[in-house]
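# Chain and residue survey
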Amino acid sequence: MIFYIIRRVLFIPITLFGISLIVFSMIGMLSPYQRLATFISSPDRLKSENVDQLISMYGLDDPIPVQYGRWFKNLLQGNLGWSYVGKAPVLQALLQRFPYTLELTLYSAIPIILIGTWMGVLSALHHNRTLDHSLRIFAVVGWSFPDFVFGLFVLMIFYSTLGLFPPGNLSLWAEGIVKSTSFRSFTGMTTIDALLNGRLDVFVNALRHLVGPVLTLTYVQLAYILRITRSSMLDVLQRDYVRTARAKGLDERIVINKHAKRNAMIPVATVSGQTIVGLMAGTVIVEAIFNRTGLGSFLALAAQQLDYASIMGGVLFFGLILIIGNLLVDISYAYIDPRVRLD
């Protein structure tokens with residue numbers, strides 16, 4: 001196991017190197033004037049200095065391999081360029097917004113896994129009955145809904161019509177409290193920081209703003225977990241050891257909970273881990289629809305305004321998160337299923 005982890009960790013720089021090559025090749029198709037934005041640390045320099053001199057100074061008219069080497073050197077030093085959208089260095093802009101996306105992902109992951117698996121087990125136990133058919137229709141509808149369509153539907157019902165769950169991160173009064181000097185930021189996640197500061201009113205307000213995006217992410221992804229759990233559970237229920245347990249006269253609850261459900265959860269655990277990792281990247285549209293501050297809305301705005309430095313930094317950042325997340329999923333799979341030998 002240790003050797004497997006070390007081997008996967010050693011592959012991280014190689015994978016990121018490949019991602020950086022793809023990203024830079026995309027940037028290489030731009031003109032030197034457009035690429036200049038990824039090398040300067042402040043937009044004020046474009047106003048005060050000659051642009052052609054800046055292009056020559058940074059070697060943007062050099063061969064592409066030479067430019068890549070220079071860009072990669074800056075990358076290793078944590079210099080990803082200046083973000084017009086974030087009005088700060090790219091790395092700083094990404095780190096400022098990451099806690100908001102992480103918070104949304106964590107709140108979405110809990111109902112996706114718990115409710116999704118519960119409904120999947122329920123559907124399998126009532127195979128081909130009314131409840132099973134109802135849950136299957138629920139899953140098919142949820143899986144067929146694009147994020148942005150369901151998000152707009154949630155906004156229309158719960159905000160425009162009922163006025164319950166507004167978009168954004170916080171109401172203006174709560175935002176004033178969070179930005180005040182008396183409010184300390186421990187994690188960057190509003191709900192947790194509100195509890196740590198003893199501000200229950202801010203915590204409730206932040207939760208109200210989270211309901212809409214969490215509901216959108218949950219319904220679409222929950223349908224997938226439901227389908228996987230149902231299929232896995234149906235497969236396990238037909239195995240010989242389950243039939244033997246029933247033939248021995250064991251209580252049905254023991255057969256389901258001890259013999260069937262445990263084994264059925266192995267593929268579900270793997271898919272759930274990958275779903276959580278995928279949620280990080282999947283928040284781009286949802287954050288943009290609900291006007292939330294986060295990596296998703298930040299990159300969507302960067303794409304609209306052709307902020308190349310932010311796009312490049314964001315792709316590398318998401319790539320790193322996905323690589324680490326998939327590594328953790330692989331390791332957890334070996335612990336869940338003792339038959340798996342990663343070495």
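Residues numbered from 1 in each chain as written. Predicted model: local features only at pLDDT ≥ 70, side-chain atom pairs only at ≥ 80, totals over all residues. Heavy atoms only, no water.

## Some thoughts on the overall build of the chain
From N to C terminus, the chain includes 15 helices and 2 strands. In terms of its C-alpha atoms, the chain occupies a principal-axis envelope of roughly 85 × 50 × 35 Å. Within the chain, contacts between residues separated by at least 24 positions form 72% of all contacts whose residues are at least 6 apart in sequence. When the accessible area of the chain is evaluated, it comes to approximately 18100 Å², of which 65% is carbon and sulfur surface. A gap of 8 Å separates the mean positions of the 28 positive and 20 negative side-chain charges of the chain. (Helix = DSSP H or I, 4+ residues; strand = E, 2+ residues; numbered from the N terminus. Contact = heavy atoms within 4.5 Å. Areas by Shrake-Rupley, 256 points an atom, 1.4 Å probe, with all protein chains shown as cover. Lys, Arg positive; Asp, Glu negative; His and termini not counted. Charge placed at Lys NZ, Arg CZ, Asp CG, Glu CD.)

## Let's talk about helix α7 (residues 130–144)
Taking 1.5 Å of rise per residue, the 15 residues of α7 would be expected to cover 21 Å, and the 21 Å separating its terminal C-alpha atoms lies within 8% of that figure. Along α7, the positions that sit buried rather than exposed are D132, L135, A139 and G142. For α7, the buried positions fall inside an angular range of 95° around the axis, keeping them on one side. In this structure, α7 carries T130, I137 and S144 as exposed residues pointing more than 90 degrees from its buried face. Against α6 (90–125) and α11 (200–237) lie the buried residues of α7. (Expected span 1.5 Å × (residues − 1). Buried < 20%, exposed > 50% of the residue type's maximum accessible area, 1.4 Å probe, protein only. Arc of directions from axis to C-beta.)

## Quick notes on the confidence of the model for the chain
Predicted coordinates in regions of low pLDDT should not be interpreted in detail. On average, residues of the chain score 82 in pLDDT, and 92% of them reach the 70 mark or higher. Mean pLDDT across the secondary structure elements of the chain bottoms out at helix α3 (residues 44–48), with 66, and peaks at helix α10 (residues 190–196), with 91. (pLDDT = per-residue confidence, 0-100.)

## Side note on the pattern of salt bridges
Overall, the coordinates contain 7 salt bridges when judged by the stated rule. Across the salt bridge formed by D235 and R239, the nearest N and O atoms sit 2.8 Å from each other. R239 sits in the partly exposed class, given a relative accessible area of 38%. For R246, the salt bridge is made with E252, and the minimal N-O distance between the two is 2.7 Å. Judged by relative accessible area, which is 36%, R246 ranks as partly exposed. Assessed through its relative accessible area of 38%, E252 is described here as partly exposed. (Salt bridge = Lys/Arg side-chain N within 4 Å of Asp/Glu carboxyl O.)

## Let's talk about the side chain of T101
Within the secondary structure layout, T101 lies in helix α6. Residues within four places of T101 in sequence aside, it is in contact with M280, T283, E287, G294, L295 and G296.

## What about the nonpolar core?
By size, the foremost hydrophobic cluster in this structure holds 16 residues, and its most contacted members are L104, L217, I225 and F290. Of all the secondary structure elements, the ones that give two or more residues to this core are α6, α8 (147–161), α11 and α13 (252–289). Grouped together as the second largest cluster of nonpolar side chains are 14 residues, L80, V90, L295 and I321 included. (Core = buried A, V, L, I, M, F, W, Y, C linked by side-chain atoms within 4.5 Å.)

## A closer look at unusual backbone geometry
Positive phi values are uncommon outside glycine, yet N128 reaches one of about 65°. Of note, N128 is situated in the loop between α6 and α7. One non-glycine residue with positive phi stands out, namely N291, at about 55°. You can call N291 exposed: its relative accessible area is 59%.

## What to know about a nonpolar patch on the surface
A grouping of I2, F3, I6 and L10 is seen on the molecular surface, where their side chains present a nonpolar patch of about 470 Å² in accessible area. In this structure L10 comes out as exposed when scored by relative accessible area, which is 57%. (Patch = residues over 30% accessible without salt bridge, like charges linked within 9 Å, V, L, I, M, F, W, Y side chains within 5 Å.)

## Notes on the side chain of D132
Relative to the assigned elements, D132 resides in helix α7. Overall, D132 belongs to the buried group, its relative accessible area being 0%. At a separation of 2.4 Å, a polar atom in the side chain of D132 contacts the side chain of S123. Not counting residues within four places of it along the chain, the set of residues in contact with D132 comprises S123, H126, H127 and R230. (Polar contact = N/O pair within 3.5 Å; in protein donor to acceptor, adjacent residues only side chain to side chain.)

## As for the packing of helix α9 (residues 172–179) against α11
The N-to-C vectors of α9 and α11 enclose an angle of 125°; their axes lie 10 Å apart at closest approach. Taken together, the axes of α9 and α11 are oblique relative to one another. By crossing handedness, the relation of α9 to α11 is classed as left-handed. From α9, W173, A174, I177 and V178 reach across to α11, where they touch D201, V202 and N205. Looking at side-chain class alone, the contact of α9 with α11 contains 5 nonpolar, 1 polar and 1 charged residues. (Axes fitted to C-alpha atoms, helices over the stretch in contact; angles between N-to-C directions. Parallel < 35°, antiparallel > 145°, perpendicular 65-115°, else oblique. Left-handed = near helix turned anticlockwise from the far one by under 90°. Nonpolar A, V, L, I, M, F, W, Y, C, P; charged D, E, K, R; others polar.)

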